[in-house]
Amino acid sequence: LGVDGQWDDRGTGYVNCELIAEYDSLGFRVSAENPTDKELLVTKIFEEEVFQRQGDTIVTWTNPETREDVALSFQEAKGAQQVWEIICQVQGRSPNDPLEEADDAGASDAARLNGSEDLRDIKVPAAELQNLEQLHDLVANASNLTRDRIVEGVMAEGYLTKLFQIFRDCEDLEMTNSLHSLFRIFRGLIMLHEPSLIEQCLSDSHVLDTMGILEHDPDYQTHEIRHRSYVGDLAHFKQAIPIKDPETVAKIHLNFRLHYLKDVVMARYIDDMSFSTIRELIALNNVDIIKEVQRDTQLLDQLFDLCRSTPPTKSGNGGAAGGGRQNGFLFLRELFEIAKQLSISNQMDFFRAVSNHGLFTILESAVQADDPVIVTASTEIMLVTLNHDPSAVRSFMMNDKGPGLLKNLIHALLHYADTGLKGQVTEILRCLLDASQLAHVPDKFLNYFYETHMDDLASPFLQADKWSVDGRFCKDGHGEGAGAAVSRHCTAEEQDRREAWDAARKHVVELLSFAVEHHSFRIKYYMLRHDVLHKVLVLLEQPDKHLILAALRFLRQCIGVNEIFYNRLIVKKDLFSGVIALLKQHLHRNNLINSTIIELLDFIRTKNIKILIKHLVEKYRTVYENLRYVDTFQQLIIKYDQNEEYAKDEAAGNVGGEAHSGGYSGRGRDAPSNLANRRQSTGPGGLGAFRSRSEDENDDDYFEGGSDDEAESAGPPAPPRENAAGG
């Protein structure tokens, strides 16, 4: 506060509470936002009660030595509250008590911290049984001021060892109260979020004692907790390839214990700060583990040799005989899961190292392995690789060494029994075929795929007569076909195979829909050459609803791109016949199939796809012209009538502005248009008493528009692509 009574703003900065050497006392140091600027304020926390709160964000005081008035204004109330709590702690009073209630007697009873000497005198009580409650109180009430002193005292040489000996004695003597106190102490120590303290508690020499103490949770006295048996069980640690570096092995063990501590032991108590501390410890260890693995070329050589090995016999349980190879792929998958959490530079170094050792070569053979564990691990590895660098995978597939990887993926999609694996393979193929990510060689890779592998992917529909109802391929062409009737009486094994085959066809349809959306002329040429759309819509005859819906989604995708090619193909081959047959079967059922068909018709109407509207109304009008449970069908007929009237007016030269045709010839400006009159008609084939909300809106638009000529020349809108193509 200046001599003129006005506040002098010294600037904006950050407040730190620390030991001020020049005052030999605890105080505040305010540093400017710009590190190159000088400090804004350095002051000690005075013993006198000169500090006051002004509102929620301001702390003021008068320097008793210089009689200078000072104020700190905080951006948030939280910062002001933290500074106020530190001041009150040093002065030995409660932050919620008014100043006049803090007297000398109360301050001495609270053992207040009057300055730096008292802060330095804070000591952790000796590690003895009778001091457990005192230690618990100190840890439970730890603040930013006392935290470092507590950590320093607990980590002193021999202190934790003495506490663990007390624990063992108490457990032997069944001293329940002391065991509960130890639990609270170690729970509090972990929540001090000090990385070095957590690492020491979970070290090889202390982890079992730490877990033993944390088993004695007073809230679970009636439950038997076995943290020690789980953490100490060496069966959880498997080495596919022996890791020679002891520090790397220790970090792997530490990460396992940190995960268990975070997710199980402390799940009910851990706060955000402690959670972040443990997660950061895990991340730092992961970086060191990955760097050590990629530096150890001998380890990588042994790992990839193990993954290339072939089990001597085929086991009946799907992989027991190939346990070594299985462990190799599981270890490799674990490395990839760790690597994807690292920084971009660390990821690139790791992927470069494993690629140089033949990553894609082992994946090529793993995808068609008999062991489901190996197949699942290989697909997960490939997904991580595609998310990091899809171009490397595509390049491998196109070179001479790797023509089989893509073929094996498609084979797994069609033939493998695990439906979850089919979903993973579908995602892999979708990433590979995503044209938006083909920045360098889009034409080259897509041409390679369509020429070499597209027939295999679409074979469930292109060669439907060679596939049985449970997904077995018959080269002699004696399969039941895609539309064959399915018997409801079959064994459980046959039912599983049929479900897997249905899932495969559904995923193939999804990939075809993806191609329609992203591959433009390639998929159009392929569908025209192989009549794909018609063959996929055979699924509409299936009894399984999810296959019917997949076919409807595919048709919706073809219509949704609004290409005249697909629209003309649909009309030419009358591909709506199956949809209308489904509509008849599901009338008034209010199920997903019925809703999907209604949405499809409504989309065609709102986009005014004239060629499809004309086809649907002229050929199938009698099916739905009397349906009233939704207004979609009636609005579709309205749109057809509007388009036909507009076409007649256009043919007669009555459409266009005055600059072109002078408006409607032979009509007064006050005469209503034919289109407006058409809206009011109630003749046969029309609406009868039906009148929709959109019809009222059209009337309002007509009367609220500009001149009659402008309204009459507008006509119903048409999609740009359809109109440009002459649809």
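Bear in mind the structure is a predicted one, so any value in this text is a computation, not a measurement. Numbers given for residues are sequential positions, taken from 1 along each chain in its written order. With pLDDT at 70 or above as the cut-off, local features in this predicted model cover only qualifying residues; side-chain atom pairs require 80 or more to be listed or tallied, and sums for whole chains, interfaces and linings still use all residues. Here the side-chain values reflect all heavy atoms present in the structure, with hydrogen atoms and water set aside.

### Side note on the overall build of the protein
How we decide: Helical segments are the DSSP runs of H or I of at least four residues, strand segments are the runs of E of at least two, and each set is numbered from the N terminus. Residue burial is assigned from relative accessible area. The probe radius is 1.4 Å, only protein chains are included, and a residue is buried under 20% of its type maximum, exposed over 50%, and partly exposed in between. Whether two residues touch is decided by their heavy atoms; if any such pair falls within 4.5 Å, the residues are in contact.
Secondary structure assignment for the protein yields 36 helices and six strands. Split into buried and exposed, the 727 residues of the protein put 46% on the buried side. Long-range pairs, those at least 24 residues apart, make up 63% of the contacts in the protein between residues at least 6 apart in sequence.

### A word on the nonpolar core
The condition is simple: Residues belong to a common nonpolar core when they are buried Ala, Val, Leu, Ile, Met, Phe, Trp, Tyr or Cys residues joined through side-chain atoms within 4.5 Å.
With 127 residues, the main nonpolar core has Leu-359, Leu-409, Leu-429, Leu-432, Leu-533, Ile-559 and Phe-576 as its most contacted residues. Once residues lying within four places of it in the same chain are set aside, the contact partners of Leu-429 are Leu-406, Leu-409, Ile-410, Leu-413, Leu-457 and Leu-511. Listed in part, the 43 residues of the second largest apolar core include Val-151, Cys-201, Val-231 and Leu-261.

### Looking at the sheet that holds strand S2 (residues 25-32)
Selection criterion: For two strands to pair, DSSP has to find at least two bridges joining them. Every axis in this analysis is a line fitted to C-alpha atoms, fitted for helices over the stretch in contact. Angles between the N-to-C directions lie between 0 and 180 degrees.
Read across the open sheet, the three strands follow the order S1-S2-S3; overall the sheet is antiparallel. In this open sheet, the two strands that pair with only one neighbour each are strand S1 (13-20) and strand S3 (41-44). Averaged over all pairs of adjacent strands, the angle between strand axes in this sheet comes to 20°, irrespective of strand direction. Set on the sheet, helix H1 (residues 77-91) makes contact with S1 and S2; between it and S2 the angle comes to about 160°.

### Points about the packing of aromatic side chains
Test applied: Aromatic pairing here means that ring centres of Phe, Tyr or Trp (its six-membered ring) are within 6.5 Å. Orientation follows from the plane angle: under 30 degrees is stacked, over 60 is edge-to-face, and everything else is tilted.
According to the stated counting rule, one finds 16 aromatic pairs in the structure shown. By way of ring pairs, the aromatic residues Phe-46, Phe-51 and Trp-61 are connected into one cluster.

### Observations concerning unusual backbone geometry
The backbone phi angle of Ser-520 is positive, close to 50°, even though this residue is not glycine. Phi is positive for Asn-562, which is not a glycine, with a value near 55°. With respect to the helices and strands, the residue Asn-562 is situated in the loop between helix H27 (545-560) and helix H28 (564-572). By relative accessible area, Asn-562 is classed as buried at 13%.

### Brief notes about the pattern of salt bridges
The following threshold applies: Here, a salt bridge means any side-chain nitrogen of Lys or Arg that lies within 4 Å of a carboxyl oxygen of Asp or Glu.
Under the definition given, this model contains 31 salt bridges. Among the ionic pairs, Arg-308 bridges to Asp-305, the shortest N-O distance being 3.2 Å. Placement of the pair is Arg-308 and Asp-305 together in helix H13 (residues 297-308), with a separation of three residues, close to one helical turn. Ionic contacts of the salt-bridge type, sharing partners, join the residues Glu-427, Arg-430, Lys-506 and Glu-510 into one network.

### Here we look at the sheet that holds strand S4 (residues 51-54)
Each strand in a sheet pairs with another by means of backbone hydrogen bonds, the pair being arranged parallel or else antiparallel. Sheet architecture is open: three strands sit in the order S4-S5-S6, paired in antiparallel fashion. Every other strand in the sheet has two partners, leaving S4 and strand S6 (69-73) as the edge strands with one partner each. The sheet shows a mean angle of 25° between the axes of neighbouring strands, taken without regard to direction. Bridge count for strand S5 (residues 58-62) against S6 is five bridges, and the pairing is antiparallel. Pairing of Trp-61 across the sheet is with Val-70, part of S6. Lying over the sheet, H1 contacts S4 and S5, oriented at roughly 155° with respect to S4.

### Focus: the pairing of S4
Sheet topology places S4 next to S5; four bridges connect them, and they run antiparallel. Among the inter-strand pairings, Phe-51 is bridged to a residue of S5, identified as Trp-61. The antiparallel hairpin formed by S4 and S5 contains three residues in its connecting segment, where Gly-55 sits at a positive phi of about 75°.

### Topic: helix H15 (residues 344-356)
Under the convention used in this document: Expected span of a helix: the number of residues minus one, times 1.5 Å. Directions drawn from the helix axis to the C-beta atoms are what define this arc.
For H15, spanning 13 residues, the distance from its first C-alpha to its last is 18 Å, which sits close to the expected 18 Å at 1.5 Å a residue. Turning to H15, its buried residues are Asn-346, Gln-347, Phe-350, Phe-351, Ala-353 and Val-354. The buried residues of H15 occupy an angular sector of 160° when the element is viewed end-on, so they sit on one face. Summarising the geometry of H15, the exposed residues directed more than 90 degrees from the buried face are Ile-344 and Asn-356. Count one or two residues on from H15 and you reach Gly-358, which has phi positive near 90°.

### Remarks on helix H32 (residues 632-651)
The first and last C-alpha atoms of H32 sit 29 Å apart over 20 residues, in line with the 28 Å expected at 1.5 Å per residue. Where burial is concerned, most of H32 is hidden: 15 out of the 20 residues are buried. Directly beyond the C-terminal end of H32, a positive phi value near 80° is found at Gly-653.

### Quick look at the pairing of S1
Alignment of S1 against S2, held across eight bridges, turns out to be antiparallel. In the strand pairing of S2, Gly-13 is matched with Ala-32. Between the end of S1 and the start of S2, which pair antiparallel, lie four residues, with Asp-24 showing a positive phi angle near 50°.

### Some remarks on the environment of Ser-203
Among the secondary structure elements, Ser-203 is positioned in the loop between helix H8 (195-201) and helix H9 (207-214). For Ser-203, a relative accessible area of 23% corresponds to the partly exposed category. A C-alpha to C-alpha distance of 9.0 Å links Ser-203 and His-253, two positions 50 residues apart in sequence.

### As for the environment of Asp-349
Here Asp-349 is to be found in helix H15. As for Asp-349 and Ala-339, which are separated by ten residues in sequence, their C-alpha atoms are 9.8 Å apart.

### Focus on the confidence of the model for the protein
Let me state the cut-off plainly: Every residue gets a pLDDT, meaning the predictor's confidence in that residue, from 0 to 100.
Looking at the protein as a whole, its pLDDT mean stands at 79, while 79% of the residues score no less than 70. The low-confidence segment residues 482-487 (pLDDT under 50) makes 13 contacts with residues lying over four places distant or belonging to another chain. Contacts from residues 657-727, a stretch scored under 50 in pLDDT, to residues over four places away or in other chains number 97 contacts.

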